[in-house]
Structure formats: C-alpha cells, structure tokens
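What follows is the residue order along each chain.
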Amino acid sequence: MHLPRLSLEVFRPRWSPRPEHGCVVLEKDKVFIADPTAREAGVRVGMKRGGVLTLSPHTVMYERDPLRENLMQREVAFALMRFSPMVALCEEATLVMDVTASLRLFGGIVRVCHYIREVVDAIGVTARMSTAPTGQGAWLLAKQRGTGGAGGAQRVLKMTSLERALGRLPFLAAPEVRAFSEWFTGLGCKTLSDIRRLPRAGLKRRCGVALLDTLDRAYGLAPELYEWLTVPPTFSARVELPDRVEHADAILFCARRLIVQLCGWLGAQQLALTHASIALEHERGRAAIAPTVIDLALAEPTWREDHLVRLLKERLGRTELAAAVIAVRLSVTQAQPAQPSTEALFPEPGGSVDDHNRLLELLVARLGVDNVLRPAPRADHRPEHANRWVPMHDARRAEAPPADLPRPTWLLEKPLPLMMKNDRPFYSSPLKLVSTGERIEGGWFDGASASRDYFVAQASDQSCYWIFRERPSSADADDTRWFLHGLFG
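These figures come from a predicted structure and were not determined experimentally.

(A) Main features of the packing of aromatic side chains. Tallying each qualifying case throughout the model produces twelve aromatic pairs. Geometrically, the ring pair formed by Phe 171 and Phe 184 is tilted, given 6.0 Å between the ring centres and 50° between the ring planes. Residue Phe 171 is found in the loop between α8 (159-167) and α9 (181-186), and its partner Phe 184 is found in helix α9; the two are separated by 13 residues along the sequence. The two residues Phe 171 and Phe 184 agree in class, both being buried. Stacked on the ring of Phe 468, the Lys or Arg Arg 452 has its end atom at 4.8 Å from the ring centre.

(B) The nonpolar core, seen in detail. One finds Met 1, Leu 3, Val 76, Ile 116 and Val 125 to be the most contacted residues of the largest nonpolar core, which totals 36 residues. For this core, the secondary-structure elements that each account for two or more residues are α1 (6-9), β1 (23-27), α4 (66-80) and α6 (109-123). Here this core gets eight residues from one element, more than from any other, and that element is α6. Those residues in contact with Leu 3 that sit more than four places away from it in its chain are Val 76, Ala 93, Leu 95, Val 125, Thr 126 and Ala 127. Among the nonpolar cores identified, the runner-up in size contains 35 residues, and Ile 251, Trp 265, Ile 278 and Leu 321 belong to it.

(C) Spotlight on unusual backbone geometry. Positive phi is not limited to glycine here, since Ala 93 has a value of about 55°. Mapped onto the elements, Ala 93 comes out in the loop between β4 (87-90) and β5 (94-97).

(D) Looking closely at a nonpolar patch on the surface. A surface patch of nonpolar side chains, about 240 Å² in accessible area, is lined by Leu 359, Leu 363 and Leu 367. By the element assignment, Leu 367 lies in helix α15 (residues 353-367). You can call Leu 367 partly exposed: its relative accessible area is 41%.

(E) Region of the structure containing the sheet that holds strand β8 (residues 236-245). Strand order in the open sheet made by the four strands is β8-β11-β9-β10, with antiparallel pairing throughout. The sheet is open, and its two borders are formed by β8 and β10 (292-302), each paired with just one other strand. Strand-to-strand, the axes of this sheet are offset by a mean angle of 20°, without reference to chain direction. Looking at chain direction, strand β9 (residues 271-281) and β10 are connected through seven bridges and run antiparallel. Each residue of the ladder has a partner; that of Ser 277, found in β10, is Asp 295.

Calculation notes
- Residues numbered from 1 in each chain as written.
- Predicted model: local features only at pLDDT ≥ 70, side-chain atom pairs only at ≥ 80, totals over all residues.
- Heavy atoms only, no water.
- Phe/Tyr/Trp six-rings, centres within 6.5 Å; stacked < 30°, edge-to-face > 60°.
- Helix = DSSP H or I, 4+ residues; strand = E, 2+ residues; numbered from the N terminus.
- Buried < 20%, exposed > 50% of the residue type's maximum accessible area, 1.4 Å probe, protein only.
- Lys NZ or Arg CZ within 6 Å of the ring centre and 35° of its normal.
- Core = buried A, V, L, I, M, F, W, Y, C linked by side-chain atoms within 4.5 Å.
- Contact = heavy atoms within 4.5 Å.
- Patch = residues over 30% accessible without salt bridge, like charges linked within 9 Å, V, L, I, M, F, W, Y side chains within 5 Å.
- Areas by Shrake-Rupley, 256 points an atom, 1.4 Å probe, with all protein chains shown as cover.
- Salt bridge = Lys/Arg side-chain N within 4 Å of Asp/Glu carboxyl O.
- Pairing = 2+ DSSP bridges.
- Axes fitted to C-alpha atoms, helices over the stretch in contact; angles between N-to-C directions.

Rendered as structure tokens:
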C-alpha cells in the first residue's frame, strides 16, 4: 500500500473540509505537493513560495512535517492489524502486509481489499494498493500510478503474472536504479524487463548488489525479511483536528479514525474492549479548559467497529461542549481476552444474546444511564418486594428468587379488590380456581407484613389471573376478601 498524498493529508484528511483556495505543502520553500484546487490556480510542484503567493495569495501553505507523516503511517499500520499482525513500515510512504493466513477468514483477497479500503477511507488518506506473491513485487506495483489507480487495487496472484506485471514497469520504479538512470537510458533500457536481460555480473560490478537483491526479492528468487510492527501493550491514540469544532456530533469523523486504530490493536492482541475513555481537548495555555471526558462502558465486551461507532455517535449527540475542541484522545482503560461467539445450527429468533446486549448499550448511550433499567430479583417471597430495578451497568447481582412457582407476566402496582358473586370472586366473569393454594407470609422484619393465599384463577374466556385472599389472621380481613394481583400472558 502506497500513500501518495500522505504529506498533505496529515494536515487535511480526506474527510475534512477543503480550504476555499486550496492548500499546498512546502519543502525547502518549494511546493512539494498541491491539492486539486491549488493546481487549478496554476500552482505546480517545485514552484517557490513567492510564485504560489502571486498566483493564489489565499492558498493555505504548510511546512512538510516528516514526523507527522511517520505517525500517520503508523496509524494506518495499526488499523490494518485487524487483518494480519504482520504489517511493516517501508520507505517512501508505503506499507507491506502479509495476509496469506487471513484470506479464508475474511472471504478471499477481493473482500480483504474491500475491507482495507474502508479502513483507509475512515482514517482519511489516499492509498494505492496492490497484491502479489512477494512483498517487494507488491511494493513496486503499488508505487506506480497506472497500476490500479488511487481508488482500486491491482491483484497479481501468480508468479507468472507477477513477472509480466513487473516487466512492464519503468526501470525508475526501483529506487536502486535511479542513481544509474542515465547509464541505463544510454543502453536503451526502458522497463525492468530490459534491465533483467543485462548480464548479472556486469550489473553487479557497475551498480552493486543492492539492485540485484531488490529485483530478486521482487521476482521471488530471494527470501524477504521484514521488521513487522510490534503491538504496544496499551492503547492511547490522539489526533488533532484540522479546524476548531464547536459541536460534539461533528467530531465523529475524527473519532472514527481513532476507533479503526483501536479495532486493529484489539484484533492484533485478540482482545475485546470493556471500558474506554474519550477526551475532547479544548484550549491550552493561559485560557486552558479541562478536557471533556466521555466514558464508554460496555456491558458485553466487543471488538466490532460498527458497534463502537454507533455507541459513540449517541454519546456525542448528548454531549454539550464547554468550548471548541482542538484534539481528541482515545484510551483503553480495560480490555479482556476476546471470546468468539458460538453459532448454533439454527439462528435464534429475534437475534442472539450479543445483538440484545448491543441494543441495550445503544439505548443507554441514547437515553442515559439512569433511564435504562434492568430487573434485579431479590430473595423475598412477597411479590411486590421480590424485584428491584437498577441501571444496566449496576454491579449489584440478582439474588436467588423464590421457588419456581407460577408467576404472572404482569404484576399490578396495587392489588385490585374483587367483587363476590355466588361466593366466587368475580372479574368480568366468575373466576374458577385452577391451582392449589400457595401461602406467602413475610415482612415481619420491615413492618410490611403480609399473610396471603395465592391461586391461579381462570375466567370464562380462558384468560388466567393471579389472585389472593387475605388470611383471617391479617388485620381487618375475612375469608371472603379477594384481590387481583397479576395477569398471565
């Protein structure tokens, strides 16, 4: 993968708004790269600063920053580690990745390239990709403009096809050839295949072994050794915004750039995220303002980018900023080993447990922690005290409920007194007792004592109800006093 516009996109990622009059990057006071708007105004590579000011005085100019370029190149590499842990940083803004062991997992080379394209677009860089049986061959193909273009990928899967593709490349594609370009031109060489037809002994004596080693690695005649990128034990990434942002929901494009890096780190470490924090940085210096911190606590560990993006989108939509945001930092505070989801022979109706957990996390992010509650049963026989509602992320656990006895789907907030007709409880129709009695006594310890006999009753339309009668020992009660307490589904 070659990043041809890296020196410009470190200042202006693809997802950022473009300046009205374009922007250029200068190196040693000369134009190193210019965006399309500046080129339309007549700015050209190699033009001096004064010429740019003459043609387009309002063009935004940046000084080239190799350190930021290297950092963004590493960001891309970390984001790609979800597809393979073997990613290497190479010279001239390129990366080499070995995806051989990942093809079956992701569905083949075409789908792998499609997923990689989505990750690169999220980061905001332009990339030219190529695939080949050798890393050096793929590197040479990706460097050329005509091999797949900025939006596609040239796929060479066999050595015979790679030989033909490399043979058509201009000989200047190999960096080791450039120092001898005039000599090769004088010999009539135009492509790499022309150079390969020259005597090896003469090439080695004239150009050294570096050129032959590069060609041999590209054509699969010599082994390749890469220094694969190592994964840090912790994750904390920061990105500066190209402009000041006043609204929290506008930060999502920048935050997604951090999330794809996080997913790459999780994939390489085989971890799942359980808790992370996002710091929205404001002004520094004298007018410094403390960052706005957003905590992401997940009920179910995840490593999925789409779920994290949706979750963050909801949280950002409910965040009020104290001042404009100039940078964003994403840090992992807690992660655990990833557990692959078990797939049943037949899919669960209504979605899996993971789907339910992701929905609940999304609701918590949208409605607030205190507005999404879960039941937490208590070991209390009295129905009205046998459950309490707590926030989704509350650490309290459910206690052991009473014995597994018939319980209604819906419990009335307050028991409803029933009429008596012909010595039978009546609710729309006479009720027939269809279960044995269940005696519930309790509450002596908290002053809300109850002494009742519960029954399942059936009406004439076959609907079932949960009713009770107060025992004679209860205050102001007799045998004929019945109450409706629950409805069965």
